[in-house]
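Observations on the three-dimensional arrangement
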Amino acid sequence: MERTLIIVKPDGVQRGLAGEIIKRFEQRGLKIIGMKFMLVSRELAEKHYAIHRERDFFPKLVNYITSSPVIALALEGPNAILAARTTIGKTKPFEAEAGSIRGDFALEVDYNLVHGSDSPENGLAEVANFFSEAELFPGWSRNVDPWIAVQR
Ligand code: IDP
Ligand code: MG
């Protein structure tokens, strides 16, 4: 079982695509264990994107993610990291497959609508950066779980 942090970025919320984006993860079968509407602080943005600190686009990236509210989701499922990233599509939306979120709704890397963690370790760490323990509900089960994934 893996955890991934999904962020509907400011452009996704502003364009009224939040429901469409969340729907795609939900219908894929990933289980929501946390969700909130929030403004990302500069401190959290710099921590979240620390790996990109030396890149020339870093200041622009921090400005973008802090510019307007986002919706953060913590999702759980088998292979949640890769499953979510294929649903999201490639980083540069003009290279993303049709049928993926970025391939269907975005054109430029500066406005690529959604974040998804890139490894199981980062999934756990990023969820912990965005959510307190009290905001996460990993224990709930859905009646359909046995029809979505093998129960281990
Ligand atoms: P990812 O979101 O697909 O994991 P990363 O390479 O981790 O992509 O980059 C993080 C975010 O930084 C991207 O989603 C995008 O918002 C932004 N970004 C990446 N590369 C560029 C770039 O070349 N110009 C502007 N923004 C970029
Ligand atoms: Mg990334």
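The written sequence of each chain sets the order in which its residues are numbered from 1. Ligands are numbered from 1 and chains lettered from A, in the order in which they are written. Under the rules for a predicted model, residues below a pLDDT of 70 receive no local features and side-chain atom pairs below 80 are neither given nor counted, while totals for whole chains, interfaces and linings still include all residues. Hydrogens and waters are ignored; side-chain quantities use all the structure's heavy atoms.

**Observations concerning the overall build of the chain**
- Each helix and strand counted, the chain has 8 helices and 4 strands in total.
- N-terminal to C-terminal, the α/β element order of the chain is β-α-α-β-α-α-β-α-α-β-α-α.
- The globule rule is 2.2 Å times the number of residues to the power 0.38, and the radius of gyration it is compared with is taken over C-alpha atoms. In terms of overall size, the chain behaves like a compact globule, its C-alpha atoms giving a radius of gyration of 15 Å where 152 residues would be expected to give roughly 15 Å.
- Here the C-alpha coordinates of the chain stretch approximately 45 × 35 × 25 Å along the principal axes.
- Relative accessibility thresholds used throughout: buried, under 20% of the residue-type maximum; exposed, over 50%; partly exposed, between the two (1.4 Å probe, protein chains only). In the chain, which comprises 152 residues, the proportion classed as buried is 47%.
- In what follows, residue pairs with any heavy atoms lying within 4.5 Å of each other are defined as contacts. Partitioning the contacts of the chain with sequence separation of at least 6, the portion at a separation of at least 24 is 76%.
- Accessibility throughout is a Shrake-Rupley quantity obtained with a 1.4 Å probe, and a residue counts as covered only by protein chains that appear here. Total accessible area on the chain is roughly 8,600 Å²; 55% of this is exposed by carbon and sulfur atoms.
- Positive: Lys, Arg. Negative: Asp, Glu. His and the chain ends are not part of the count. For this purpose, a charge sits on NZ of Lys, CZ of Arg, CG of Asp or CD of Glu. Counting 19 positive and 20 negative side-chain charges, the chain places the averaged centre of each group 2 Å from the other. A run of H or I in DSSP becomes a helix once it reaches four residues, and a run of E becomes a strand once it reaches two; helices and strands are each numbered from the N terminus.

**Details of the packing of aromatic side chains**
- In this scheme Phe, Tyr and Trp rings, the latter by its six-membered ring, pair at centre separations within 6.5 Å, and the angle between planes marks the pair as stacked below 30 degrees, edge-to-face above 60, and tilted otherwise. Scanning the entire structure with this criterion turns up 1 aromatic pair.
- Here the aromatic rings of Y64 and Y111 are separated by 5.6 Å at their centres, their planes lie at 75°, and the arrangement is edge-to-face. Separated by 47 residues along the polypeptide, Y64 in helix α4 (residues 58-65) and Y111 in the loop between α6 (101-105) and β4 (114-116) bring together distant segments of the chain.
- Charges are assigned to positions over rings by a cutoff of 6 Å between ring centre and Lys NZ or Arg CZ, combined with an angular limit of 35 degrees from the ring normal. Positioned above the aromatic ring of F131 is the side chain of K36, whose terminal nitrogen or guanidinium carbon lies 5.2 Å from the ring centre.

**Some thoughts on the site of ligand 1**
- Any residue with a heavy atom positioned within 4 Å of a molecule or strand is treated as near that molecule or strand. As a matter of local geometry, ligand 1 sits amid K9, Y49, H52, F57, L61, Y64, R85, T91, R102, V109, D110 and N112.
- Counted as a polar contact is a pair of N or O atoms within 3.5 Å, where, for protein atoms, one must be capable of donating a hydrogen and the other of accepting one, and residues adjacent in sequence contribute only when both atoms are in side chains. The separation between an oxygen atom of ligand 1 and a polar side-chain atom of H52 is 3.0 Å.
- Taking N112, its side chain carries an N or O atom lying 2.8 Å from an oxygen atom of ligand 1.
- Contact with the protein chains removes 79% of the 530 Å² of surface that ligand 1 exposes when unbound.
- Gly is put with the polar residues, along with every residue not named as nonpolar or charged; the nonpolar set is Ala, Val, Leu, Ile, Met, Phe, Trp, Tyr, Cys and Pro, and the charged set is Asp, Glu, Lys and Arg. Class assignment for the residues of the shell around ligand 1 results in 5 nonpolar, 3 polar and 4 charged.

**A short note on helix α5 (residues 80-88)**
- Where α5 is concerned, the buried positions are A80, I81, A83, A84, T87 and I88.
- As for α5, its buried residues are in contact with β1 (2-8), α2 (18-28), β3 (70-77), α6, β4 and α7 (120-130).
- Where α5 ends, the next residue or the one after it, G89, has phi of about 95°, a positive value.

**Quick word on the packing of α2 against α5**
- Inter-axis angles, ranging from 0 to 180 degrees, are taken between N-to-C directions of lines fitted to C-alpha atoms, where helices are fitted over the stretch in contact. Interaxial distance between α2 and α5 falls to 11 Å at its minimum, and their mutual angle equals 140°. Here α5 runs oblique to α2, going by the angle between their axes. For the pair α2 and α5, the sense of crossing is right-handed. Here R24, F25 and R28 of α2 lie close against α5, whose contacting residues are A83, A84, T86, T87 and I88.
- In the contact of α2 with α5, the residues fall into 4 nonpolar, 2 polar and 2 charged. Working rule for angles: under 35 degrees goes down as roughly parallel, over 145 as roughly antiparallel, 65 to 115 as roughly perpendicular, anything else as oblique. Working rule for handedness: look at the near helix, and if it is turned counterclockwise from the far one by less than a right angle, call the crossing left-handed; if clockwise, right-handed.

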